[in-house]
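A closer look at the structure
Listed here are the chains, written in short residue letters.
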Amino acid sequence: MKRTTLSLFAGATALAAVTGFAAVSAPGDSGAVTTEPAATLPVERTGLLCPAPSNSDLAETSYTSFTPVTKGADEKGTAALEAATAESEGEKDGKGEEKDDKGEKSGDKTGEPVVQPKEPGTPATGKTSGGDAPALIGTAAGSHAPGWTVQQTTEVAAGTGRGLLGLNCTAPDTEFWFPGASTAAGRTDYVHLTNPDDSAAVVDIELYGKDGTLKSTVGEGITVPPNSSESLLLSTLSDVEETDVTVHVGVRSGRLGAAVQALDDKTGGDWLTAAADPASDLVLPGIPKDATSVRLVLFTPGGSDADLKVRLASPSGLITPAGHETVHVKAGMTTGVDLGEITRGEAGSLVLTPTSGAVPVVAAVRVVRGKGGEQESAFIPASDPVAARATSADNRAKSTTLSVAAPDRTAKVKVTASAGTEGGTTATKTFTIKGGTTQNVEAPVPAGLEGTYALTVETVSGGPVYASRTLTGEDDDVASFTVQTLPDDRGMVSVPKAEEDLSVLQK
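So, here's what we can say about the structure.

Here we come to the environment of Pro-117. Looking at where Pro-117 falls in the secondary structure, it is placed in the loop between β7 (86–87) and β8 (124–129). In sequence terms Pro-117 and Phe-66 are 51 residues apart; their C-alpha atoms lie 7.0 Å from each other. Among residues more than four places away in sequence, those in contact with Pro-117 are Ser-65, Ala-79, Ala-80, Ala-124 and Trp-148.

Take a look at the structure:
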């Protein structure tokens, strides 16, 4: 995913910081501006986009909003989630029926917000039901901006894609990679695009299978109207059936939020979120210890093949799985590897490193829990590290598993549980994660918890650290679950300090 820096010439010493953008002063040839070492400041404004949650009439969706308390943040702030006000003409709901253009200003059919964010440190939740809930566009400013996180969790009782589907709503961007999608029989995958801006966005969608590019005449120059969402069925972009597909979303103009909803006739469904940027070293954190099937999907976007060493960071150290010591990824082609029950009852994270040469790769794993008719699936993409702080909303006392990996050096992390949505007080624990291991830590739970709560993970020392949160369904007889990786929550940004020497203006 691309990141943009906006440079503005200014003579101020305090400079605004915005998620994805940093306002900085550029020194002129005259030397009128001097730049001091960068300061780390809380972001002042951020945006999040949540895709339309489900086409199923049986869907029940909850949204949880949370902003951690951030030292140095503006004392005042606002946050709001509103419905995408328009849908592209002729957009389908997956049943062959036209969707109505509701034109709603918020998250439900009454025009009332689905969730009203609360002050930093306290999560807020809201719910919607049915298959016509819209995509949401969110904006937070001031004290609500640093680390603002919104979790979207959907439970579908039956049918294709049944089970628990979850994702952290994403910041808008200009490029996304989704290894792990599929156009095979039995899979129904949609790519969801949400445009938060007042001007149209133009996007290209490319699909790559085991033999390279899947030809398509409809994936180029797709227009997503302002403040709208678009849902595209992958099988309409190509008629080639492929078990493993990599989806590339590239934005020509504007910016978007993007996610793939992967629905399976036999193993339920979940959201496949964008993988970390192409890199030669990758970590896929927090594979559930009771996984019955793990399939690794990789793609290299460059012109060179990649050879990677495959290791599992287990609770006792790095292990090389027998029969899967290395994987070869051909340039421009999607590679799928069935790793089976690789975790063997213990927490684990996949660690991929080059055997020789540094070739950028994107990767994700599809994880299945349960057996027979009670199987459920979820996805874990390669993740960026926790860095300073990561945030997870919508945690439940008996249904949350926090997995933390330190693939290189031993690290110390601090985990904080927020107050509950309906009551409870914060709690904090500190953990030491030995280098080369993954630990399912006993995350703190708010004292006197009522409702759901948020978790923040902070790197105290050592590292880097990677983390994920697994949320399981409340029905013990069904293996429903969803996994969200926990990269840095974008709460802080480095901003150069600048001073203007007014003496040059007097000459």
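Don't stop here, the text continues.
As a further point, take empty space enclosed by the protein. Within this structure, the stated rule accounts for two cavities of 30 Å³ or more. Forming the boundary of the second largest cavity are Leu-49, Cys-50, Pro-51, Thr-170, His-192, Thr-194, Gly-257, Ala-258 and Ala-259. When contributions to the lining of the second largest cavity are tallied by element, the ones reaching two or more residues are β4 (45–50), β13 (187–195) and β19 (257–264). Residue composition of the lining of the second largest cavity, by class: five nonpolar, four polar and no charged.

Most of β13 sits out of view: eight of its nine residues are buried. Bridge analysis of β13 against strand β17 (residues 228–233) gives six bridges, and the strand direction is antiparallel. What sits directly across from Val-191, in β17, is Leu-232.

A separate point is the state of the cysteines. A full pass over the atoms with the stated rule returns one disulfide. Two residues, Cys-50 and Cys-169, share a disulfide whose sulfurs are 2.1 Å apart. Its S-S torsion of about 110 degrees marks the bond between Cys-50 and Cys-169 as right-handed, since a negative value means left-handed. Separated by 119 residues along the polypeptide, Cys-50 in strand β4 and Cys-169 in the loop between β11 (163–168) and β12 (175–181) bring together distant segments of the chain.

Conventions we followed
- Residues numbered from 1 in each chain as written.
- Predicted model: local features only at pLDDT ≥ 70, side-chain atom pairs only at ≥ 80, totals over all residues.
- Heavy atoms only, no water.
- Helix = DSSP H or I, 4+ residues; strand = E, 2+ residues; numbered from the N terminus.
- Contact = heavy atoms within 4.5 Å.
- 1 Å grid on protein atoms, 1.4 Å probe; cavity = no way out; pocket = protein on both sides within 12 Å on 5 of 7 lines; lining within 4 Å.
- Points joined across faces, edges and corners; volume = space filled by probe spheres on them.
- Nonpolar A, V, L, I, M, F, W, Y, C, P; charged D, E, K, R; others polar.
- Buried < 20%, exposed > 50% of the residue type's maximum accessible area, 1.4 Å probe, protein only.
- Pairing = 2+ DSSP bridges.
- Disulfide = S-S within 2.5 Å.

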